Amino acid sequence: MKKLFSSILFSLLIAVHLLHADEGMWIPMLLDQFNIDIMHREGFRLTAEDIYSINRASMKDAVVIFGGGCTAELISPDGLLITNHHCGYRSIQRHSTLEHDYLTNGFWAMSREEELPNPGLTVTFLKRMEDVTERILGKVNDTMSEEERDRVVREESRKIEQEATHGTGLKAVVKPFYMGNQYFLLVQKVYRDVRLVGAPPSAIGKFGGDTDNWMWPRHTGDFSLFRIYAGKDNEPAGYAADNQPYHPDYFFPISLKGVHPGDFTMIIGYPGSTYEYVPSYHLKMLVEDIYPKLIDIRTKKLDIINAGMNSDPKIRIQYAAKNAGLSNSWKCWKGEIRGLNKLNAIQKKQDYEYRFLQWTHEDPQRKSKYGALLAEYRKLYPEYSRYLLASDYINEVFFRYGAEAVNLAHYFTPLVEMTEQRADKDQINREVEALKSRCKSFFRDYNKPVDEKLFGAGVRMYVVNMPREFYPLALLSWQGKTGKYMEHVYGKTMFADSAKVFDLLDGFSAASVKKLQKDPAYALAVDVKRLYDDKIEPELRRLRVEKKRLDRLYMAAQLAFNKGKHLYPDANFTMRVTYGKIRGYEPRDAVDYRFQTTLNGVMEKDNPAIYDYHVPEKLKELYRNKDYGPYGEKGRLPVCFIATNHTTGGNSGSPVIDANGYLVGVNFDRAWEGVMSDLMFNPSQCRNISLDIRYALFLIDKYAGAGYLLREMKLIR
Ligand code: ARG
Ligand code: ASP
């Protein structure tokens, strides 16, 4: 009996342990130490050294940061890269015009000569990483102010970075982990000639659009192909027509065998940020204050942009990428609120904090070090929330995500300052040229009526949702006449009119400054910037410094409190490995989601009347003929699958790797019920969504007729 009891207990313990085996974004260099046994138990057949090694080629050599915020992986010895369609979106959009609308129709290079260069696009390899904690923390002590500490850490980091790269052409960054309780040096190599090779039409690559975004079941062919080019020596080089395809140290073989429930999967990529160790106050702030307000204002803005896009194909191209960006976080916030509420996350954190507090009180030293932390957080958060919201709101209404003409005007302030301070001619000319190139890309994607509506809606919401002390001067002086004010700005400003702006820049002189200063959008931009610089930024900075100190201490305390468990560090856009299993889930009572979607589901969603669900005729024909070749399985063509890997923004485009180290998919999203995984992971609901690699191969081969690309890949049948 006793034996039976203990074996039940034992299996319960294992079960609890396994439930959580999927949570975590692990440091590649430390897999050997902390993870590899669990990974083997879950089915992985290779070694930690196969994933990360500095002595020989390993998987890490085939995974890159793509641009500024995605992941991509090498799939051929000739530098061929696969990433998501939404990661290549900007590049595809920039090559698109009404005549050559690659966004709508897709693009396929039929030879290397046809591959399209993308100035500014880079890919970044990780050469090696190194724990530099001792060196950094050896320079600081507890009597330093936060500012001083920051400065010392920054200085020592610069030194380490310089030593690591001196004379090598490499790049290095030192990054904090565990909120500044640990530091790693990352040595990187950046390639700058990256060309577009292929992209399916949006009707495939973005199938389901923002309606299906963040949702399962999903049928999006979310991939695009690029190629890295290098100089003759295989080293990084700026674009040159005669650069050579880059030959990587490693690339992923591709398995055609597919995935099945229970299969081990692993993802190597660049998760951006997570907030797993924040106090309950943080969740409360997001769920109750920040997210609801941001959701409201974005709902308005998206309505305006969508109406514009539906009214005119030109506006559709111009606003496609902007819309996707705005809509993506808007929908994610909504999902996070739901997911956190369903998890009872705030209560869970509070219970944890209660236990934590008891633990701190068990020991006088602990008590003096950590005993007041939560009380300090409690004091900090209401203030922090207030300024954070103001800052977010300013961004939503006037700056980065807001009225476009006002945002553009804001870029002219340095030019005005330079002229007023009589900077030398060359400097001014350079600034004018830089502005011209900014304006060129700005007006390419600009529609005045849409922007004017965005401005109107934004200002109206600003007046209602922000306290008066955060009103920019112009709004104060036109108070009660907001409608008139809005007409005034868009009726008079030059920043909504390309010809006027270029007139000014082409003939720029000291006199132009007067003209700029009289412009109402410019005046507003200056007001808002002053408001931000005087009233918001200093407070926010002070609060952030304070919060950073608390975060570091609270993290250290939590590491001690959870002794015996290995906690993973929050994501910080460094390479991480996450592993899990292919598995469906139960999103609501009585509903079972299976692990895989197929082309049949694409056809079920087909609806020519709805833009997001308009299946291209050619795909329908392939479906009717069931000509799936080696890519199908039991008469169906797999499209997407889900698994329990812990991922976040930045992991898009990451390789999904099977137990043998073969590529089986490309990660691109998470399922709606689990998007709160950035704040709290729920093993029963959190699923990452991947494109089945066989769908990509099918599209390249049968849809695009670019089967020649498959010849450079290594296919495992
Ligand atoms: N939700 C995914 C991620 O966060 C995909 C976003 C792109 N797709 C879209 N329909 N906006 O990036
Ligand atoms: N779609 C995200 C990305 O672009 C991935 C995610 O948030 O799951 O990185």
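Residues numbered from 1 in each chain as written. Chains lettered and ligands numbered in written order. Predicted model: local features only at pLDDT ≥ 70, side-chain atom pairs only at ≥ 80, totals over all residues. Heavy atoms only, no water.

K.L.:
How should a positive patch on the surface be read in this particular structure?
P.N.:
A surface patch of positive charge is lined by Arg90, Arg94, Lys440 and Arg444. Elements that contribute at least two residues to the positive patch include exactly helix H5 (85–94) and helix H18 (425–444). Note on placement: lysine 440 falls in helix H18. (Patch = residues over 30% accessible without salt bridge, like charges linked within 9 Å, V, L, I, M, F, W, Y side chains within 5 Å. Areas by Shrake-Rupley, 256 points an atom, 1.4 Å probe, with all protein chains shown as cover. Salt bridge = Lys/Arg side-chain N within 4 Å of Asp/Glu carboxyl O. Lys, Arg positive; Asp, Glu negative; His and termini not counted. Charge placed at Lys NZ, Arg CZ, Asp CG, Glu CD. Helix = DSSP H or I, 4+ residues; strand = E, 2+ residues; numbered from the N terminus.)

K.L.:
What am I meant to see in the packing of aromatic side chains here?
P.N.:
Geometry of an aromatic ring pair is reported as the spacing of the ring centres plus the angle between the planes. In total, this model carries 37 aromatic pairs according to the counting rule given. Plain terms: the ring middles of tyrosine 291 and tryptophan 333 are 5.9 Å apart, the flat faces sit at 25° to each other, and that makes the pair stacked. Placement of tyrosine 291 in helix H11 (residues 280–311) and of tryptophan 333 in helix H12 (residues 313–343) is noted, with a sequence separation of 42 residues between them. No difference in accessibility class separates tyrosine 291 from tryptophan 333, as the two residues are buried. Following the ring pairs from residue to residue traces out a cluster consisting of Tyr281, Tyr352, Phe356, Trp359, Tyr370, Tyr377, Tyr381, Tyr384, Tyr554 and Phe561. The ring of tyrosine 387 has arginine 386 sitting right over it, with the charged end atom 5.8 Å from the ring centre. (Phe/Tyr/Trp six-rings, centres within 6.5 Å; stacked < 30°, edge-to-face > 60°. Buried < 20%, exposed > 50% of the residue type's maximum accessible area, 1.4 Å probe, protein only. Lys NZ or Arg CZ within 6 Å of the ring centre and 35° of its normal.)

K.L.:
Explanation requested: the nonpolar core in the structure shown.
P.N.:
As a rule of thumb, nonpolar side chains are buried together in soluble globular proteins. Counting residues in each nonpolar core, the largest one holds 220 residues, and the members touching the most others are Met266, Phe412, Phe455, Tyr462, Phe495, Leu619 and Tyr695. The element contributing the most residues to this core is helix H24 (residues 520–561), with 15 residues. Ignoring any residue separated from it by four or fewer positions in sequence, one finds methionine 266 in contact with Met39, Phe44, Ile51, Met59, Val577, Thr578, Tyr579, Asn645, Pro655, Val656 and Ile657. Within the second largest apolar cluster, 13 residues are counted, among which are Met144, Ala164, Leu185 and Val187. (Core = buried A, V, L, I, M, F, W, Y, C linked by side-chain atoms within 4.5 Å. Contact = heavy atoms within 4.5 Å.)

K.L.:
Help me understand the site of ligand 2 in this model?
P.N.:
Neighbouring residues of ligand 2: His86, Trp214, Thr648, Gly649, Gly650, Asn651, Ser652, Phe668, Asp669 and Arg670. Take arginine 670: an N or O atom from its side chain is 2.8 Å from an oxygen atom of ligand 2. For ligand 2, whose accessible area on its own is 270 Å², the fraction buried by protein is 91%. Residue contributions to the shell around ligand 2 peak at 3 residues, all from strand E18 (residues 663–670). In terms of residue class, the shell around ligand 2 is built from 2 nonpolar, 6 polar and 2 charged. (Near = heavy atom within 4 Å. Polar contact = N/O pair within 3.5 Å; in protein donor to acceptor, adjacent residues only side chain to side chain. Nonpolar A, V, L, I, M, F, W, Y, C, P; charged D, E, K, R; others polar.)

K.L.:
Can you help me understand the site of ligand 1 in this one?
P.N.:
The environment of ligand 1 is made up of His86, Lys206, Gly209, Asp210, Asn213, Trp214, Ala324, Asn328, Ser652, Phe668 and Asp669. Calculation on ligand 1 without its partners gives an accessible area of 340 Å², and the protein chains cover 89% of this total. Contributing elements (two or more residues each) for the shell around ligand 1: helix H10 (209–212), H12 and E18.

K.L.:
I keep staring at the packing of H11 against helix H15 (residues 373–397) and nothing clicks. Help me out?
P.N.:
Helix-helix packing is characterised by the crossing angle of the two axes and by the distance between the axes. Here H11 crosses H15 at 10°, and the two axes come no closer than 9 Å. Between H11 and H15, the angle is such that the two are roughly parallel. For the pair formed by H11 and H15, the contact residues are Tyr281, His282, Met285, Asp289, Ile290, Lys293, Leu294, Ile297, Arg298 and Lys301 on the first element and Leu374, Tyr377, Arg378, Tyr381, Tyr384, Ser385, Leu388, Leu389, Asp392, Tyr393, Glu396 and Val397 on the second. Split by residue class, the contact of H11 with H15 holds 13 nonpolar, 2 polar and 7 charged. (Axes fitted to C-alpha atoms, helices over the stretch in contact; angles between N-to-C directions. Parallel < 35°, antiparallel > 145°, perpendicular 65-115°, else oblique.)

K.L.:
What's the story with the pattern of salt bridges in this structure? I'm lost.
P.N.:
Charged atoms that come close allow side chains of opposite charge to pair. Scanning all chains against the criterion turns up 44 salt bridges. A salt bridge links aspartate 212 to lysine 605, with the shortest nitrogen-to-oxygen separation between them at 2.7 Å. Here aspartate 212, found in helix H10, pairs with lysine 605, found in helix H25 (residues 599–605); they are 393 residues apart in sequence, far enough to count as distant. The buried category is assigned to aspartate 212, whose relative accessible area is 8%. Linking arginine 541 and glutamate 537 is a salt bridge whose minimum nitrogen-to-oxygen distance equals 2.9 Å. Of this pair, arginine 541 and glutamate 537 both sit in helix H24, 4 residues apart, which is roughly one turn of the helix. A relative accessible area of 49% places arginine 541 in the partly exposed class. With a relative accessible area of 25%, glutamate 537 lands in the partly exposed category. Taken together, the salt bridges that share partners define one network made up of Asp78, Arg112, Glu115, Arg227 and Glu712.

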